[in-house]
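Take a look at the letters that make up each chain.
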Amino acid sequence: MRVDIPRVLKFRMRVLVVLLLLVTSFSCKEQSQIKQSSPRDLFPGLFEAVQSSRIFEDSKTFTDCTPRREPGEILEDYRKQKSSQGFSLRDFVEANFEVPEHAGNDYKTNRTAGVEVHINELWDVLTRTPDKYRQYSSLIGLPYSYVVPGGRFREIYYWDSYFTMLGLQESGRTDLIENMVNNFAFLIRTYGFIPNGNRTYYLTRSQPPFFSLMIRLLIESKKTKADSILKANRDALEKEYRFWMDSGNNTQQASNHVVRLPDGTVLNRYFDKGDWPREEAYNEDIGTAVESKRNRAEVYRHLRSGAESGWDYSSRWFADGSTLKTIHTTDIIPVDLNCLLYHLEQLLAEAYGHEGDKKAQEYMKTQMRKRRDAILRLCWDPRSGWFKDYDWKNSRQTPALTLAGMYPLYFNLASQGQADTVSQVLQQQFLKSGGLVTTLKRTGQQWDAPNGWAPLQWIAVSGLRNYRKEMLAGEIATRWCRLNVRVFEKTGKLLEKYNVADSTIQAGGGEYPNQDGFGWTNGVLLKLLRTKLASGN
């Protein structure tokens, strides 16, 4: 089952990809990273031993270690030594691998200078220069400089980067925005999609597709005509679209990221190609699969696909609405993902229009209309007054009310009446003293109450402003910024997530401690402060 794309578009995409590969100026050594293996593949036996023994507090640490010599030599020595008396696995790893530090680990905050100065200093602290190729490292080298989120997140992340770019725009760092866009275009042209992050163990999945919004932001930041930037990146936009719309000629109802409903409606889901434990969360995934008492490969796929959503993890993916062991991510058509793909179709239609390609433009406009109609038909729930995800296996909406329901407002898909109802529900049920909770459920997962996250505050605030809900938008922005600034003044830190219901308690949940840095928090906070959306700060 492959979604039908006109022959002229297929031909155009093939030709452009071939030409771009031919003119790419990277060396053969850099291009060889395409074949680079992940730590699980490079160190069979040793990898499982290290992860299961928990010699590092964080499962991600070993996946980010760099071997000091050939993997074959390390493995041979490990097999010879592991049964010997007094053998220490930790000592062996530290002798044979470079253990990474947290990003921004050495930075000292000057709280008296204020939060805006802090953010502008952090851009340089969190910026990484073009990567030098390091054989057998899990890091995928990028040709341009980029900003990492911070803490354990030592690499670029796909959807994080858009919200980081919002702050870079306010700081006048158009150079970094353009470099990061170019890096993502490089990843698309090299791998056919943008991985979760630039690590080899992320090459089975992507993340929420914000590339088209990055292009739009770059156009705004450079204050230039759209046609030149769209022309330079059209091939990458097309290839990104093909990645999400490719069902691999499979005749099943759902294949890869594509779901075809009985009435012919085509929408998308999150779907990781792997069905084994995530390398960076090895023990956690095995534990969940064992607890679930379900087919392990199936559970691993749902967990990995939940990671692709960026919401890892949330009650929105749980069949029972409460426990991770019931996760069924690939059974769900997410409202936010399909709104993002609507924007990608919209930008492609615009790109074709600039080039005078009427046939391609009309095709994309048709796809936009079909997707918009499907979102409104399947995801709008008049009883709750909210946009919900859709469970395609059971042909019904999922019960969860989450901030993903704000995406139709962000992309101007909702009617004014729907926006009026959504804003009431948002104010009555989601708004807390420190901003918006992510969901209405308390499950202990990090993408549930009482936690709030910067990207979703921005989506909600911007969506409300699209429908002239300025007062509520301003109140949300004020509460969020006030919480961010208060924590900064107390601790000198800007965090990955916040407890918006009780500011005296740090946000929790998830598979790792709350991280400091932090890219998308910095970006959204600076954007809200500079655009005067928040008052009283």
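Chemist: Describe the overall build of the protein chain, and please don't skip the residues or the numbers.
Modeler: The helix and strand inventory of the protein chain stands at 21 helices and 16 strands. Computed over its C-alpha atoms, the radius of gyration of the protein chain comes to 23 Å, within 12% of the 24 Å expected for a compact globule of 537 residues. Once the C-alpha set of the protein chain is aligned to its principal axes, its extents read approximately 75 × 55 × 50 Å. Counting contacts in the protein chain only where the partners sit at least 6 residues apart, residues at least 24 apart contribute 70% of the total. Surface summary for the protein chain: the accessible area is close to 21,400 Å², and the carbon and sulfur share equals 47%. A distance of 4 Å separates the average location of the 73 positive side-chain charges in the protein chain from that of its 63 negative side-chain charges.

Chemist: An account of the confidence of the model for the protein chain is requested, with residue identities and associated values reported.
Modeler: Detailed reading of the predicted coordinates is not advisable wherever pLDDT falls low. Of the residues in the protein chain, 93% reach a pLDDT of 70 or more, and the chain-wide mean stands at 92. Note on residues 15-34: pLDDT is under 50 here. Beyond four places in sequence and across chains, it has 22 contacts.

Chemist: Any chance you could break down the layout of surface pockets for me, citing the residues and the numbers?
Modeler: Quantified by volume, the largest pocket comes out at close to 550 Å³. When its residues are assigned to classes, the lining of the largest pocket shows 7 nonpolar, 7 polar and 9 charged. Approximately 430 Å³ is the volume found for the second largest pocket. Around the second largest pocket, the lining comprises 17 residues; the ones closest to its centre are Tyr162, Leu213, Arg216, Glu220 and Tyr410. Counting only elements with at least two residues in the lining of the second largest pocket, the list comes to helix H9 (158-170), helix H11 (211-222), helix H15 (335-355) and helix H19 (454-466). Ranked by the residues each element gives to the lining of the second largest pocket, the list is headed by H11, at 4 residues. Its residues assigned to classes, the lining of the second largest pocket shows 8 nonpolar, 6 polar and 3 charged.

Chemist: Give a description of the sheet that holds strand S6 (residues 258-260) that names residues and reports values.
Modeler: Within a sheet, adjacent strands bond to each other through the backbone by hydrogen bonds, running parallel or antiparallel. The strand order across the open sheet built from 3 strands is S5-S6-S7, with neighbouring strands paired in antiparallel fashion. Strands with a single pairing partner mark the edges of an open sheet, and in this sheet they are strand S5 (254-255) and strand S7 (266-268). Pairing between S5 and S6: 2 bridges, direction antiparallel. Bridging from a neighbouring strand, Ser255 pairs with Val258 of S6.

Parameters at a glance
Residues numbered from 1 in each chain as written. Predicted model: local features only at pLDDT ≥ 70, side-chain atom pairs only at ≥ 80, totals over all residues. Heavy atoms only, no water. Helix = DSSP H or I, 4+ residues; strand = E, 2+ residues; numbered from the N terminus. Rg over C-alpha atoms; globule rule 2.2 N^0.38 Å. Contact = heavy atoms within 4.5 Å. Areas by Shrake-Rupley, 256 points an atom, 1.4 Å probe, with all protein chains shown as cover. Lys, Arg positive; Asp, Glu negative; His and termini not counted. Charge placed at Lys NZ, Arg CZ, Asp CG, Glu CD. pLDDT = per-residue confidence, 0-100. 1 Å grid on protein atoms, 1.4 Å probe; cavity = no way out; pocket = protein on both sides within 12 Å on 5 of 7 lines; lining within 4 Å. Points joined across faces, edges and corners; volume = space filled by probe spheres on them. Nonpolar A, V, L, I, M, F, W, Y, C, P; charged D, E, K, R; others polar. Pairing = 2+ DSSP bridges.

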